[in-house]
Amino acid sequence: MNAKQRSPPWLAFALNLLSLASITSSGKSSFLSAGFICPARTHPFHAAATKNVSYQSPKLIDVGTTSTRLNSSRNNIFRRINNTFESSLATIQSVLFFGKLPSSLPPGMHSVPTQFIAALGDPASSSAASGAEQWGIWRIDPGPRGVFIKNFQANPSMGSKNARMPSGWVFDPNDFWIEEYGRVMEKPDFPLTPGRYLVTGGREATTLLTVSLPNDRGEQGWKFGEAGVTLYDVTHLPCRSARYHPNRGEKFRSPADANVSDFPVTPGSEMPAVEGCDKQDYAVLFVIAVDD
């Protein structure tokens, strides 16, 4: 789809306004506008999901201030207004769809704005002696801070090493993440800090996750506090994420090599391949409380 065929920002704004009216009147989202974060992805307490974070680096390429801007000032104004509406809609959706939350927290824990664990492991497992050293965590929702693949295709400079995205995070062509709607996300923090996390998949199960200290080989075990609860039970199926590395022999790759028609991804399905890259799918767990 070329630039002339794309929906203008004012249209997305109008559709979001209609969606807001639909949600508030019926309690359900009509999803008239594409590009929402997945329902329940943002916890109602999450007030900081769209705050910009400033990074300092003398070698960064600021893709938001170069002569390659794709839109006029007027369109940018509509886009900012539309982003505010999308953030508000996400919060309303989270209240309606997040699922049952515990009425009280385990002793020694406090609630947090929703954080997101990227986990690897057997979906049928309730514990493992190792593996958590490969888990990461986003402490703010990376979805709204992400950049759509089509923007990388329209603006190749976004795929450059050390390119800074509009939300402030830095793109790495050797290690990038994509979510279910085709947005390129910032990396989670690695490794996952040892301790306790109250986790849920936004469905039925909410349980305590305990991550152990690293052993002498750097391995971290993990286990759930409730018998019978598995990794699958606390995975939020609509939220998909995958990590991409260039194939051996490839120097750099870009999300622009992905096929936009592969998105959005069906809940529970594997993430699409990106040409020239190795892919690792991760399960996404919501964190709603952590140790004091």
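Everything below is about the structure printed above this text.
I will try to describe carefully the structure that is included in this document. (Residues numbered from 1 in each chain as written. Predicted model: local features only at pLDDT ≥ 70, side-chain atom pairs only at ≥ 80, totals over all residues. Heavy atoms only, no water.)

## Some thoughts on the overall build of the protein chain
In step 1: Along the protein chain, the regular secondary structure elements total 3 helices and 13 strands.
In step 2: Within the protein chain, the fraction of its 292 residues that count as buried is 43%.
In step 3: Considering only residue pairs separated by 6 or more positions, the protein chain has 75% of its internal contacts joining residues 24 or more positions apart.
In step 4: As presented, the protein chain carries roughly 14,600 Å² of accessible surface, and 54% of it is formed by carbon and sulfur atoms. (Helix = DSSP H or I, 4+ residues; strand = E, 2+ residues; numbered from the N terminus. Buried < 20%, exposed > 50% of the residue type's maximum accessible area, 1.4 Å probe, protein only. Contact = heavy atoms within 4.5 Å. Areas by Shrake-Rupley, 256 points an atom, 1.4 Å probe, with all protein chains shown as cover.)

## Quick look at the pattern of salt bridges
In step 1: Within this structure, the stated rule accounts for 12 salt bridges.
In step 2: When the shortest N-O distance is used, the salt bridge between E219 and R217 registers 3.0 Å.
In step 3: A single network of salt bridges, built from pairs that share partners, joins D172, D175, K187 and R243. (Salt bridge = Lys/Arg side-chain N within 4 Å of Asp/Glu carboxyl O.)

## Remarks on the packing of aromatic side chains
In step 1: Going through the model one piece at a time under the given rule, you end up with 9 aromatic pairs.
In step 2: Relative to F171, the ring of F152 has its centre 5.3 Å away and its plane inclined at 55 degrees; by these criteria the two rings are tilted. Linking F152 in helix α3 (residues 149-154) with F171 in the loop between β6 (163-164) and β7 (176-179), this pair joins segments that are 19 residues apart in sequence.
In step 3: We classify F152 as buried; its relative accessible area is 1%.
In step 4: Given a relative accessible area of 1%, F171 falls into the buried group.
In step 5: For the pair W177 and F190, a centre-to-centre distance of 6.2 Å together with 35 degrees between the ring planes defines the contact as tilted. Taken together, the positions of W177 in strand β7 and F190 in the loop between β8 (183-185) and β9 (195-200) put the pair 13 residues apart, joining distant regions of the chain.
In step 6: What makes W177 buried here is its relative accessible area of 0%.
In step 7: Classification of F190 as partly exposed rests on a relative accessible area of 33%. (Phe/Tyr/Trp six-rings, centres within 6.5 Å; stacked < 30°, edge-to-face > 60°.)

## Points about the pairing of β7
In step 1: Side chains F176 and I178 project from β7 onto one buried face, and the interleaved W177 and E179 project onto a second face that is buried too.
In step 2: Two elements, β7 and strand β12 (residues 241-246), share 4 bridges in a ladder whose sense is antiparallel. Bridge pairing links I178 to A242 in β12.
In step 3: Hairpin connection, β7 to β8: the antiparallel pair is bridged by 3 residues, and G182 has positive phi, about 85 degrees. (Pairing = 2+ DSSP bridges.)

## Here's the deal with the environment of W138
In step 1: Looking at the element boundaries, W138 is found in strand β4 (residues 136-138).
In step 2: Classification of W138 as buried rests on a relative accessible area of 4%.
In step 3: Residues W138 and E186, 48 residues apart in the sequence, show an inter-C-alpha distance of 8.7 Å.
In step 4: In contact with W138, other than residues within four places in its own chain, are Q115, F116, A118, W177, M185, E186, K187, P188 and S241.
In step 5: Side-chain polar atoms of W138 contact the backbone oxygen of E186, separated by 2.9 Å. (Polar contact = N/O pair within 3.5 Å; in protein donor to acceptor, adjacent residues only side chain to side chain.)

## Observations regarding the environment of E179
In step 1: Structurally, the position occupied by E179 is in strand β7.
In step 2: E179 sits in the buried class, given a relative accessible area of 0%.

## Some thoughts on the environment of Y244
In step 1: Residue position: Y244 is located in strand β12.
In step 2: Taking relative accessible area as the criterion, Y244 reaches 0% and is therefore assigned buried.
In step 3: In this structure, the C-alpha to C-alpha distance between Y244 and N174, residues 70 residues apart in sequence, is 7.7 Å.
In step 4: Contact partners of Y244, with chain neighbours within four places excluded, come to N174, D175, F176, I178, M271, P272, A273, V274, C277, D278 and K279.

## A closer look at unusual backbone geometry
In step 1: Note that the residue after F190, namely P191, is joined by a cis bond; omega there is -10 degrees.
In step 2: Cis geometry is found at the peptide bond from F263 to P264, where omega equals 0 degrees.
In step 3: When you line up the elements, P264 lands in the loop between β12 and β13 (277-291).
In step 4: The residue N162 is not glycine, and still its phi comes out positive at about 70 degrees.

## Describing the nonpolar core
In step 1: Ranked by internal contacts, the top residues of the largest apolar core, which has 31 residues, are I117, W135, Y197, V199, L209, F224 and L285.
In step 2: If one sorts the elements of this core by residue count, β13 sits on top with 7 residues.
In step 3: I149, A163, F176 and C277 belong to the second largest nonpolar core, which has 19 residues in total. (Core = buried A, V, L, I, M, F, W, Y, C linked by side-chain atoms within 4.5 Å.)

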